[in-house]
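Residue-level listing of the chains:
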There are 2 protein chains.
Amino acid sequence: MSAGKWLEVALVHYPVNNRRGELIGSAVTNLDIHDIARTGRTYGIARFHLVTPYADQQSLVAELLAHWLTGRGGELNPARKEALQLVRVVPDLAGLYAKITARQGEAPLVVATSARAQGREIAYQDLKKRLVAKGPTLILLGTAWGLAPEALAEVDAFLPPISGGGDYNHLPVRSAAAIIMDRLLAVT
Amino acid sequence: MSAGKWLEVALVHYPVNNRRGELIGSAVTNLDIHDIARTGRTYGIARFHLVTPYADQQSLVAELLAHWLTGRGGELNPARKEALQLVRVVPDLAGLYAKITARQGEAPLVVATSARAQGREIAYQDLKKRLVAKGPTLILLGTAWGLAPEALAEVDAFLPPISGGGDYNHLPVRSAAAIIMDRLLAVT
């Protein structure tokens, strides 16, 4: 069984910050769902959660998923259906933690990513070992200008910022998700 | 100087295959340009080329780039401008090879990626060493259902397929690009 089975990824649309550091909720982006689900399926992760408290956004996602899971989309493109089967929608982080804890039988290690260096870092190698040892792990990815302080305060650890050697830290969240899953779960 | 300076990435819209393995030209996707440019800027690559022979597609890209490089977009989002400065448009692969050879003073090693295993593989570690040793290198990424055989026949080597341990090989090209640059150029 792949170590990916112990990894869940959540794309958080609330609480996040806007450009001015204010608390906002962001809109769900169709492409983020497809890209991160396809990458998640490639690396065999357990679930890909979309966190949004807004009923209209939740219905939008439900409609999109229905097209691919039970509708015409999945007939035309079964590979896409297979990827989108990983997607779940949850209203808030507290609900997400409770859901994972109930399913896995223990609380997951909640790990956030950040474009800026934070304290409480966990090295990629150490998180990789945790997954191989079947330790349930949840990675939180922020949208907009990143997870709000109230979400960051609750996480157990931070992955180090992804660095390409320079000081440019504006990776798309879709790309950061791919790099993180590859670093944790690649078979080379 | 970062090893990324020796790496160029090209997103190829012709010649590629469609779902039935027929030769086609694909349409340029706005999001591919933004995402791969942002990742390329993160890892300090030299150039990001869009290969398309179609005049209408070339004008579309020129318009988009103008918005970000000299227009309102770049004023509002300087980080995006910085990423899109990497983008160049070329009509065909032969022209691209000639251009890089002229600028670098030697022909680049042309490396393709493939979702299927091919012969002539080069390991990530070996390509990384080549970049550190200042060897000009061009990575070709295919759109649609991948580079057509006529393009594949001309490349010098193939990177091994990206594997997450399973048999699902439907990564978005944007995500594959991010994973490849991270494997070749990450500073950890």
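In what follows, the structure referred to is the one given above.
Below is a short write-up of the structure. Just so we're clear, the structure is a prediction, and the values are computed from it rather than from any experiment.

Describing the overall build of chain A
Part 1: Across its full length, chain A holds eight helices and eight strands.
Part 2: On C-alpha atoms alone, chain A measures out to a radius of gyration of 16 Å, which is about the 16 Å that the 2.2 N^0.38 rule sets for 188 residues.
Part 3: Within chain A, the fraction of its 188 residues that count as buried is 54%.
Part 4: Sequence-distant contacts in chain A: of pairs separated by 6 or more residues, those separated by 24 or more amount to 78%.
Part 5: As displayed, chain A offers around 8,100 Å² of accessible surface, 54% of which is attributable to carbon and sulfur atoms.
Part 6: Between the centroid of the 20 positive side chains of chain A and the centroid of its 17 negative side chains there is a distance of 6 Å.

With respect to the sheet that holds strand β5 (residues 87–90) of chain A
Hydrogen bonding along the main chain pairs the strands of a sheet, whether they run parallel or antiparallel.
Residues and elements named next belong to chain A.
Part 1: Spatially, β5-β4-β1-β7-β6-β8 is the arrangement adopted by the six strands of the open sheet, whose pairing is parallel. Edge positions in the open sheet fall to β5 and β8 (157–158), since each of these has one partner strand only.
Part 2: Pairing of strand β1 (residues 7–12) with strand β4 (residues 47–51) involves five bridges; the strand directions are parallel. Looking across to β4, one finds that L11 is bridged to L50.

Considerations on the pattern of salt bridges
Part 1: Scanning all chains against the criterion turns up 16 salt bridges over all chains.
Part 2: A salt bridge links R174 of chain A to D35 of chain B; the nearest nitrogen and oxygen atoms lie 2.6 Å apart. Taken as a pair, R174 of chain A in helix α8 (residues 173–185) and D35 of chain B in helix α1 (residues 30–42) lie in two separate chains rather than in one.
Part 3: We classify R174 of chain A as buried; its relative accessible area is 10%.
Part 4: A residue is classified by how much of its surface remains accessible, and D35 of chain B, at 1% relative accessible area, is buried.

Structural notes on the relation of the copies chain B and chain A
Part 1: Mapping chain B onto chain A leaves a residual RMSD of 0.0 Å; the transformation is a rotation of 180° accompanied by 0.0 Å of translation along its axis. Such a turn and shift between the copies fits a two-fold axis.
Part 2: When the interface residues of chain B are mapped onto chain A, 100% of them again lie at the interface, so the same face is used by both copies.

With respect to unusual backbone geometry
Part 1: Following Y14 of chain A, the chain continues to P15 of chain A via a peptide bond in cis, the omega torsion being -5°.
Part 2: The phi dihedral of A144 of chain B is positive, around 50°, even though this residue is not glycine.
Part 3: Looking at A144 of chain B, the relative accessible area reads 43%, which means it is partly exposed.

Calculation criteria
- Residues numbered from 1 in each chain as written.
- Chains lettered and ligands numbered in written order.
- Predicted model: local features only at pLDDT ≥ 70, side-chain atom pairs only at ≥ 80, totals over all residues.
- Heavy atoms only, no water.
- Helix = DSSP H or I, 4+ residues; strand = E, 2+ residues; numbered from the N terminus.
- Rg over C-alpha atoms; globule rule 2.2 N^0.38 Å.
- Buried < 20%, exposed > 50% of the residue type's maximum accessible area, 1.4 Å probe, protein only.
- Contact = heavy atoms within 4.5 Å.
- Areas by Shrake-Rupley, 256 points an atom, 1.4 Å probe, with all protein chains shown as cover.
- Lys, Arg positive; Asp, Glu negative; His and termini not counted.
- Charge placed at Lys NZ, Arg CZ, Asp CG, Glu CD.
- Pairing = 2+ DSSP bridges.
- Salt bridge = Lys/Arg side-chain N within 4 Å of Asp/Glu carboxyl O.
- Least-squares fit on C-alpha atoms with pLDDT ≥ 70 in both.

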